[in-house]
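# Survey of secondary and tertiary structure
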Amino acid sequence: MGLGQPAPVQSPCVSCQVLSVSADEVAALPDHLAGVTVAVRPGRGETETAALAAVARRGARGALHFRDVPAEADAALAADAALLVFEPAPGEPDDLAFRLKRALAAARGRHPESRLLVAASPAQTAALHQRGLDAYVDGFIPPSTAIAAPEELLALTSGGIVVRELPRDPATAARIAGEAASLGEWFPAGLVAAGDRPLSCGGRPIAAFLNPETLDLSGVSRACPASDVVTGDIVGATAERRDVGGLSAFLLRADVAASDRFADRITVGAARALTAEEVVARHQAAATRQASAVQREIADGRLTLTFEAPTFVAPVTITSQTTVYRDGTQVDLRQRDIRVNGVALQPQRGVPRLPIIEPERAAALPLTITLTDVYRYTREADQTLEGRRCYVITFTPRRNGKSLFSGRAWIDEQTFGMVRVAAAQTGLDGPIRVSEQTDTFAPDPAGRWLLARSEIHQTYEGASIRTPIHRLLELGEHDVNPPDFIARRAAAYSSADVMLRDTPDGLRYLERPSRRPPPAAESSKPEAGRPEPDAAGRQLAAPVTHIRTVAAGVIVDPNITQPLPFAGLSYVDFDLWHTGAQFSGFFGGSYAQASFSLPSVGGSRWQIAGRGLAIGAAYNDRAFVAGREVYTRDIEQRPAQAAVWGLRPIGSRAAIRLEYDWDYTRFTRGSETDPAFVMPRNQNAHGLGASLELQRAGWHTSLWASHTRRVGWEPWGIPGSDEDVVPQSSFQRGGVGVFRTTALSPRVTTRIDGAIVTGRGLDRFSRSSFGTFDNRLHGYPSALIRYDRGAVLRTAVSWAAAPAVRLDGFADTAAVHDPGFGGGLRNYTGFGAALECPAPFGTLFSVEWGYGVRGLNADGTRGTHVLRISGYKVF
């Protein structure tokens, strides 16, 4: 209101007043209440549905008036009412807002068209505004007031809705309600002061209020005798009169047929676009409605898990027929026909020797009601997805530090059901450093949005291994609220299949207790740390924290004079000494490797890891000049390496790595080495490196660089030859790598791996090379090609051709510069195939063959074949 302007005149509004009664007081109300809104106050033992039906029979509009915040499962929220008023008692603001949001979402979900209001004091309203309650309600109103006499209906108001509690006295309550029915038409919402059209009582003016829709005039007076006639500016017309207590009410109906005035009831407006918070609130209402309708569910589908593992010829693929049993908040999974690269897994007592590797649980999920506002929502341009027009909502954490999500959701504009949500988890500080998840939903015939596909891409940083993990769950059948749910789940518990349960600490295996009776002293209590078995005999199993693997086989390589047998034992511990540290060790005769990882140092997001390896047997290092092997320059070498690094995420999809490397290689003469060949000094090199690790939509990218300095490095080679060069005491290397493993279906898995490398100051012993186990190029012998720059592309596809047979195909190509084969980049292309099938005693057997188109054999012929036969046993 501006300075010097008169205060606006407030008009009476009887129709704005909602009369609040308890359920047992409805019977005392008059039979005719057309136009009145009557709110029933739910109470213990009272039936709101019957009370609202009685209100409707009297012609009144039914409403509900909650004197506190009901629980979201309160049956009163399901009652059919066009208006619901929530009047919370004073309380802590965060808790109050949380409880109100849950109750409002439940009410909106059951009756999307109902109007939801909150009656609160100005201070309480301001606190709820700050906590985002506006998106959940249609408005805020003042707290309710009591009404003791009919004339109080004519008290001046601002025209907004107010709740008036009727007195307990039935007769007084009936009179007030009757007057409200009579006066509601006379004093509707929206009356405006009509200063130029006053009413007159015996020549004395009465303040008049104009109905803009009908042009009727209304008025109220305390000093207009019953004998006086009340008139207005319509010639010959007199006002209707109704005396209510000490007040008199008047209505002068307009002559709309007159030529000089008319009333136009048409209104023009535009639909207001919903804000992001309002879209989220309506989605929460729809989700609450669906949760109340879907009490139990059984869903069938297939789960596919792929990851990389050392020495395996192709990505490891684990598949299973999966059934999900959901009963309220409890979710159990049954896995049947579990196969690892085609080998059927036979778990003992329903618990396989496969650790469950997953990120820590998020502190709060997006698009759900939380105690405080955890996420910030933004609405983007609408999109069409799966043939449906969708609201697009992005969400980001309001604060850093906790493990939350950042991503985008597609919400159906018609039903507010979730169509798709794609998000990356933030704040991870465990071995899984990046986790991206995309869930897609589809409506069933009843219009319920159910999970159809869940795809997860993760980056796992463990002891000595960094591998992408791809999980794909496809659900094709949903049985909602099946009458035989309990019996079917009990049958799953009783089966020999693997069972898992989703707990607050993550997925856990369910095992069947051993049939061997416990000792008498302990038979009366469960094992420490484990709950009592359920009715079907299943109980939470202790986590699987370690894996032992035996690998054996033979390698036929042109660079090796005779077939090379190998065998080794691998041990991986994911919770070493119950500290959370990881350890990995491998011993294979003359080869040994060990590594460790501390996923969270001192509770920070820094991960410290290290590795070391040593080879006890020397192997031949071949020398080439202009593409021809020079046997007089061959030497034997025996390497050892150690490294330690720190890793820290810098976002939900990025991390930095800082690394120190120590490289020691002992050099000795070969049987044909020229006596004039000056042997290089044993290499003792120290290197520092840094890299940036990125993941997006399953693609893993690494940008890295390193600087290495040799200690005491001296000239080597044959004096006067091309290798008689100034010793390179330091060198630099760098590059970028891209990697992706994808399960296209439960039967088909693909892998693509690309890299570009370069360097400076590199010589024969510091260049990159293709090897038998690491940095492989199919079909090419180990250490045949040494390059200082170039690009490599490797691809693989795996196909489960039969229930116990998997076929792998490989196609690799490289364009690299190897000074031993001339100047410029040279192309090296190879391809190969592998067959994997089960062998006795649960062993996985594989035969892998590769052919290098431009590989050189020991006799100088072109076209090399590399063969590897392997067997693996996990126990």
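Residues numbered from 1 in each chain as written. Predicted model: local features only at pLDDT ≥ 70, side-chain atom pairs only at ≥ 80, totals over all residues. Heavy atoms only, no water.

### A few points about the overall build of the protein
- A tally of helices and strands in the protein yields 6 helices and 51 strands.
- For the protein, the C-alpha radius of gyration of 39 Å lies well beyond 29 Å, the compact-globule estimate for 875 residues.
- With respect to the principal axes defined by its C-alpha atoms, the protein has extents near 140 × 75 × 45 Å.
- For the protein, the proportion of contacts with a sequence separation of at least 24, taken over those separated by at least 6, is 58%.
- On the protein, roughly 40,800 Å² of surface is accessible, and the fraction owed to carbon and sulfur atoms is 57%. (Helix = DSSP H or I, 4+ residues; strand = E, 2+ residues; numbered from the N terminus. Rg over C-alpha atoms; globule rule 2.2 N^0.38 Å. Contact = heavy atoms within 4.5 Å. Areas by Shrake-Rupley, 256 points an atom, 1.4 Å probe, with all protein chains shown as cover.)

### Topic: the pattern of salt bridges
- The full count for this structure, using the stated rule, is 47 salt bridges.
- The salt bridge partner of Arg-489 is Asp-327, with a shortest N-O separation of 3.7 Å. Residue Arg-489 is found in helix α6 (residues 485-494), and its partner Asp-327 is found in strand β18 (residues 316-327); the two are separated by 162 residues along the sequence.
- Overall, Arg-489 belongs to the buried group, its relative accessible area being 11%. (Salt bridge = Lys/Arg side-chain N within 4 Å of Asp/Glu carboxyl O. Buried < 20%, exposed > 50% of the residue type's maximum accessible area, 1.4 Å probe, protein only.)

### Brief notes about the sheet that holds strand β15 (residues 240-244)
- What the 5 strands build is an open sheet, ordered β9-β12-β13-β16-β15; its pairing is antiparallel. Strand pairing shows two members of the sheet lacking a second neighbour, β9 (192-193) and β15, which therefore form its edges.
- The strands touched by helix α4 (residues 170-183) within the sheet are β15 and β16 (247-252), with β15 carrying the most contacts at an inclination of about 160°. (Pairing = 2+ DSSP bridges. Axes fitted to C-alpha atoms, helices over the stretch in contact; angles between N-to-C directions.)

### Remarks on the packing of helix α2 (residues 93-110) against helix α3 (residues 122-130)
- Their axes nearest at 10 Å, the elements α2 and α3 cross at an angle of 70°. Considered as vectors, α2 and α3 are oriented roughly perpendicular to each other. Listed contacts from α3 to Pro-93, Leu-96, Ala-97 and Leu-100 of α2 are Gln-124, Ala-127 and Leu-128. (Parallel < 35°, antiparallel > 145°, perpendicular 65-115°, else oblique.)

### Details of the nonpolar core
- Ranked by internal contacts, the top residues of the largest apolar core, which has 60 residues, are Leu-84, Phe-86 and Leu-104.
- The greatest single-element share of this core, amounting to 9 residues, is contributed by α2.
- With residues up to four places along the chain from it excluded, the contact list for Leu-104 reads Phe-86, Leu-116, Val-118, Leu-133, Tyr-136 and Val-137.
- Judged by nonpolar contacts, the second largest core, of 29 residues, contains Ile-338, Ile-469, Leu-473 and Val-544. (Core = buried A, V, L, I, M, F, W, Y, C linked by side-chain atoms within 4.5 Å.)

### Here we look at helix α5 (residues 276-293)
- Here α5 is 18 residues long and its end C-alpha atoms lie 26 Å apart, about the 26 Å a rise of 1.5 Å per residue gives.
- Those residues of α5 that sit buried are Ala-276, Glu-278, Val-279, Val-280, Ala-281, Arg-282, His-283, Gln-284, Ala-285, Ala-286 and Thr-288.
- Tucked into the core, α5 has its buried residues touching α2, β21 (375-385), β22 (388-397), β23 (405-412) and β24 (418-425). (Expected span 1.5 Å × (residues − 1).)

### Remarks on the side chain of Glu-455
- With respect to the element layout, Glu-455 can be found in strand β26 (residues 449-462).
- A distance of 3.4 Å separates the side chain of Glu-455 from the side chain of Arg-453, its partner in a polar contact.
- Setting aside its immediate chain neighbours within four residues, Glu-455 contacts Glu-436, Gln-437, Thr-438, Asp-439, His-470, Arg-471 and Leu-472. (Polar contact = N/O pair within 3.5 Å; in protein donor to acceptor, adjacent residues only side chain to side chain.)

### Some points on unusual backbone geometry
- Here the phi dihedral of Leu-215 falls at roughly 65°; this positive angle occurs in a residue that is not glycine.
- Along the polypeptide, Leu-215 turns up in the loop between β12 (208-210) and β13 (217-221).
- One non-glycine residue with positive phi stands out, namely Ala-697, at about 55°.
- With respect to the helices and strands, Ala-697 occurs in the loop between β41 (683-696) and β42 (699-710).

### Digging into the layout of surface pockets
- By volume, the second largest pocket is sized at about 710 Å³.
- Together, 25 residues line the second largest pocket, and Ile-356, Ile-357, Glu-358, Asp-505 and Phe-574 are the ones closest to its centre.
- For the lining of the second largest pocket, the elements supplying multiple residues, two or more each, are β29 (506-511) and β32 (564-576).
- No other element matches β29, which puts 4 residues into the lining of the second largest pocket.
- Broken down by class, the residue content of the lining of the second largest pocket amounts to 13 nonpolar, 5 polar and 7 charged. (1 Å grid on protein atoms, 1.4 Å probe; cavity = no way out; pocket = protein on both sides within 12 Å on 5 of 7 lines; lining within 4 Å. Points joined across faces, edges and corners; volume = space filled by probe spheres on them. Nonpolar A, V, L, I, M, F, W, Y, C, P; charged D, E, K, R; others polar.)

### What about empty space enclosed by the protein?
- Per the stated rule, a full pass over the model turns up 5 cavities of 30 Å³ or more.
- Looking at the lining of the second largest cavity, the elements that each hand over two or more residues are β25 (432-443), β26 and β41.
- When residues in the lining of the second largest cavity are grouped by element, the largest group, 3 residues, is from β41.
- For the lining of the second largest cavity, the residue count by class is 3 nonpolar, 3 polar and 5 charged.

### Points about the sheet that holds strand β10 (residues 199-201)
- Read across the sheet, 3 strands follow the order β11-β10-β14 without closing on themselves; strand pairing throughout is antiparallel. Edge positions in the sheet fall to β11 (204-206) and β14 (230-231), since each of these pairs with one other strand and no more.

### Considerations on the pairing of strand β1 (residues 17-22)
- The element β1 is extensively covered by neighbouring structure, given that 6 of its 6 residues are classed as buried.
- Neither face of β1 is open: one carries Gln-17, Leu-19 and Val-21, the other Val-18, Ser-20 and Ser-22, and all of them are buried.
- Where β1 meets strand β8 (residues 162-165), 4 bridges bridge the pair, whose relative direction is parallel. Each bridged residue has a counterpart across the sheet, and for Leu-19 the counterpart in β8 is Arg-164.
- Note: β1 against strand β2 (residues 37-41), 5 bridges, orientation parallel. Across the sheet, residue Leu-19 finds its bridge partner in β2, namely Val-38.

### Section: a positive patch on the surface
- Judged by side-chain charge, Arg-376, Arg-398, Arg-399 and Lys-402 come together as a positively charged surface patch.
- Mapped onto the elements, Arg-398 comes out in the loop between β22 and β23.
- Judged by relative accessible area, which is 35%, Arg-398 ranks as partly exposed. (Patch = residues over 30% accessible without salt bridge, like charges linked within 9 Å, V, L, I, M, F, W, Y side chains within 5 Å. Lys, Arg positive; Asp, Glu negative; His and termini not counted. Charge placed at Lys NZ, Arg CZ, Asp CG, Glu CD.)

### Let's talk about the packing of aromatic side chains
- Tallied over the full model, the rule gives 15 aromatic pairs.
- Seen from their ring centres, Tyr-375 and Phe-395 are 6.1 Å apart, and the 90° between their planes marks the pair as edge-to-face. Of this pair, Tyr-375 sits in strand β21 while Phe-395 is found in strand β22, placing the two residues 20 residues apart along the sequence. A single burial state applies to Tyr-375 and to Phe-395, both of which are buried. (Phe/Tyr/Trp six-rings, centres within 6.5 Å; stacked < 30°, edge-to-face > 60°.)

### Section: the confidence of the model for the protein
- Of the residues in the protein, 91% have a pLDDT of 70 or more, and the chain-wide mean is 86.
- Under a pLDDT of 50 for its full length, residues 1-8 has, in the predicted model, 3 contacts with residues more than four places off or in other chains.
- Low pLDDT, under 50, characterises residues 518-533; the predicted model gives this stretch 11 contacts beyond four residues in sequence or across chains. (pLDDT = per-residue confidence, 0-100.)

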